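# Structural overview for review
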Amino acid sequence: MLFLDARSIVSVTQVSRYMKEVLETDELLRDIWVRGEVSGCKTYPSGHCYFTLKDDEAQLPCVFFKHARQRSSAPALRDGMAIAANGRISLYERDGKLQLYVECVESLGDGALFLRFEQLKNRLEAEGLFDRERKRSLPSQPSVIGIVTSPQAAALRDMLRVLRTRYPLARVILSPALVQGAEAPLAIANALDLLNEHGEAEVIIVGRGGGSIEELWAFNEEVVARAIARSRIPVISGVGHETDFTIADFVADYRASTPTAAATAAVPDIADWQAEIHAYQIDLSSLIEGYFSEKREELALVARDLQRLNPQFQLDRLRQRLDDTTALMQTYMEHILTLRGERLRGAAMQLHALSPLLTVARGYAVVRRDADQHIITSVQQVQPGDDLTIQVTDGHIHAKVQ
Amino acid sequence: METVSFEEAFAQLEAAVAALQDGHMPLERALQYYEEGMRLAQHCNELLQQAELRVQQLHVSASGELETTPFE
């Protein structure tokens, strides 16, 4: 927002720019629907259309540029037409002209149509026909789907294409009806009643493709609204384009922005189911693999136990123990023998020291009586004449006692 | 298997997976659930692939009855 100092004197450009900014930043004026009568309509070779929208007390210059006209499905404008024009209000500084830059136009016929729409909408709303509590939930997997629309319309082909792709398991029952013209409202209502009477459909789509306000008008008629309200089967409305709102949309259990969106809303997508099935297949494979690993581990444990109990294994172990023990014994034996040997030598030496031969070697002799070989240790043991043998270190001496 | 509907087959497939997830069963039984589950998955896939949208038109017959006839 430009800041304007009230005391300063501004230029035309400055004030124009300021006004333009005020207009363009205003919430309401940026996107507004204005209704009125067309007058002074002139279309230039450039394709741009200039006209004035007026009513009893005021008028508003409008410009409808070529690209906007081509983008919208607007009817051709004529002086005297009652229309509702949508766009933004701004200031064309060069001309000092305030105008509505039109994005799209809806014909209001004689203007009375719009009023009828408002009156009916208010009346039905007051009756509670639009209440949220009235709206039923849609079945999640309908096996039979009813469609109320024109058999020749592209909208039907579009809906069938969506259903074929998303949910070919279903069955479709078409209840044909005119969807524009004077006979349309009653035809649509009858088609809805027929589906209810037949009773097999679990959900009903009622709708048609895009068009002007007049072309969609049947769906604003009371007879259609009542038929939707009394339908025992839940109803999805799919009328026109995203921005088209008809009374049928308000009464329906679910409003879809287009016929294609209605078909999408009516059914689940089997692609989701296919993904789930695939996931389950992966689960099955990994789960069974888990079982196999578990069993393999158990098997390994048992095999180890088995190996320990194997007789050959036991034998080998015992043999090993035998070898070890034998080796040990060998060592012990050597120790014992060594010890014994030492003790023996010790004893032998002692023995040797006590040996009589040693005594004899020192000069003592062993005297024996020849008669009985008795060893003589005392004089009392001999008499004169006894024969004696005296043993000395290097031999024997024979002697006689005197 | 041919006569089992998609809903039935799918529910049985879910049950087979759940049983295997529970664990603690002899290997033979686990294998049975595995094979059965894979068969069911195959069947479900076939049903989905082979499914064709049936389209009928509703009208009142000469005798005043509601009839459906194939459309297009």
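For the structure, check the block above.
Nothing here was measured: the structure is a model prediction, and the numbers come from that model. (Residues numbered from 1 in each chain as written. Chains lettered and ligands numbered in written order. Predicted model: local features only at pLDDT ≥ 70, side-chain atom pairs only at ≥ 80, totals over all residues.)

For the rest of this paragraph, the subject is the overall build of chain A. Each helix and strand counted, chain A has 13 helices and 13 strands in total. A total of 402 residues make up chain A; the buried ones form 24% of that total. Pairs at least 24 residues apart make up 62% of the contacts formed inside chain A by residues separated by at least 6 positions. (Helix = DSSP H or I, 4+ residues; strand = E, 2+ residues; numbered from the N terminus. Buried ≥ 20, exposed ≤ 12 C-beta atoms within 10 Å, placed from the backbone. Contact = placed C-beta atoms within 7 Å.)

Another point: the overall build of chain B. Secondary structure summary: chain B contains two helices and two strands in total. Overall, chain B shows an N-to-C arrangement of helices and strands of α-α-β-β. Going through the 72 residues of chain B one by one, you find that 21% of them count as buried. The contacts in chain B between residues at least 6 apart in sequence include a share of 41% that link residues at least 24 apart.

Right, let's get into the interface of chain A and chain B. Contacts between the two partners involve 28 residues from chain A and, on the opposite side, 26 residues from chain B. Among the secondary structure elements, those contributing two or more residues to the side of chain A that touches chain B are helix 5 (154–166), strand 7 (171–176), helix 6 (184–198) and helix 11 (270–309) of chain A. In terms of residue count, the dominant contributor to the side of chain A that touches chain B is helix 11 of chain A (12 residues). Considered class by class, the residues forming the side of chain A that touches chain B number 19 nonpolar, four polar and five charged. (Nonpolar A, V, L, I, M, F, W, Y, C, P; charged D, E, K, R; others polar.)

Right, let's get into the packing of helix 11 of chain A against helix 1 (residues 6–22) of chain B. The description of two packed helices rests on the angle between their axes and on the distance between the axes. Running from N to C, helix 11 of chain A and helix 1 of chain B point in directions that differ by 25°, and their axes come no closer than 10 Å. Taken together, the axis directions place helix 11 of chain A and helix 1 of chain B in an arrangement best described as roughly parallel. Seen from above, helix 11 of chain A lies across helix 1 of chain B with left-handed handedness. Along the contact surface, helix 11 of chain A presents Tyr 280, Asp 283, Leu 284, Leu 287 and Ile 288 of chain A, while helix 1 of chain B presents Leu 13, Val 17, Leu 20 and Gln 21 of chain B. (Axes fitted to C-alpha atoms, helices over the stretch in contact; angles between N-to-C directions. Parallel < 35°, antiparallel > 145°, perpendicular 65-115°, else oblique. Left-handed = near helix turned anticlockwise from the far one by under 90°.)

Residue and element names in this part refer to chain A. Among all positions of helix 10 (residues 259–266), only Pro 259, Ala 262, Ala 263 and Ala 266 are buried. For helix 10, the buried positions fall inside an angular range of 95° around the axis, keeping them on one side. In this structure, the buried side of helix 10 is in contact with strand 6 (144–149), helix 5, strand 8 (203–208), strand 9 (235–239) and strand 10 (254–256). (Arc of directions from axis to C-beta.)

Now for the nonpolar core. If you look at the biggest cluster of nonpolar residues, it comprises 68 residues, and the most contacted ones within it are Ile 188, Leu 192, Ile 204, Ile 205, Ile 228 and Ala 248 of chain A. Element by element, the count of residues in this core is highest for helix 6 of chain A, at seven residues. Each of domain 1 (12–110) and domain 2 (141–268) of chain A contributes no fewer than three residues to this core. Here Ile 205 of chain A is in contact with Ile 145, Ile 147, Met 159, Ile 236, Gly 238, Ala 262, Ala 263 and Ala 266 of chain A, once residues within four sequence places are set aside. Counting residues in hydrophobic clusters, the runner-up holds 15 residues, among them Ile 277, Leu 284 and Leu 287 of chain A together with Ala 16 of chain B. (Core = buried A, V, L, I, M, F, W, Y, C linked by C-beta atoms within 7 Å. Domains from an automatic or database assignment.)

As a further point, take the packing of helix 1 of chain B against helix 2 (residues 27–50) of chain B. Residues and elements named next belong to chain B. Look at helix 1 against helix 2: their axes get within 9 Å of each other, and the N-to-C directions meet at 150°. By the angle between their axes, helix 1 is roughly antiparallel relative to helix 2. Once helix 1 is placed against helix 2, the crossing between them reads as left-handed. Across the interface between the two elements, Phe 6, Ala 9, Phe 10, Gln 12, Leu 13, Ala 16, Val 17, Ala 19 and Leu 20 of helix 1 pack against Ala 30, Tyr 33, Tyr 34, Glu 36, Gly 37, Leu 40, Ala 41, His 43, Cys 44 and Leu 47 of helix 2. Considered class by class, the residues forming the contact of helix 1 with helix 2 number 15 nonpolar, three polar and one charged.

Residue and element names in this part refer to chain A. Buried residues dominate strand 8, accounting for six of its six residues. On strand 8, burial covers both faces: Val 203, Ile 205 and Gly 207 on one face and Ile 204, Val 206 and Arg 208 on the other are all buried. Of the pairings in the sheet, the one linking strand 6 to strand 8 comprises four bridges and is parallel in character. Across the sheet, the residue bridging to Ile 147 is Ile 205, located in strand 8. When strand 8 meets strand 9, the two strands line up parallel, connected through five bridges. In the strand pairing of strand 9, Ile 205 is matched with Ile 236. (Pairing = 2+ DSSP bridges.)

Moving on, we come to the pairing of strand 7 of chain A. With five of six residues buried, strand 7 of chain A lies mostly within the body of the structure. Here six bridges tie strand 6 of chain A to strand 7 of chain A, and the two strands are oriented parallel to one another. Across the sheet, the residue bridging to Ile 147 of chain A is Leu 174 of chain A, located in strand 7 of chain A. The parallel pair strand 6 of chain A and strand 7 of chain A, bridged by helix 5 of chain A, forms a crossover whose chirality is right-handed. The pairing of strand 7 of chain A with strand 1 (residues 54–60) of chain B spans four bridges and is classified as parallel. (Right-handed = clockwise from strand over helix to strand, strands pointing away.)

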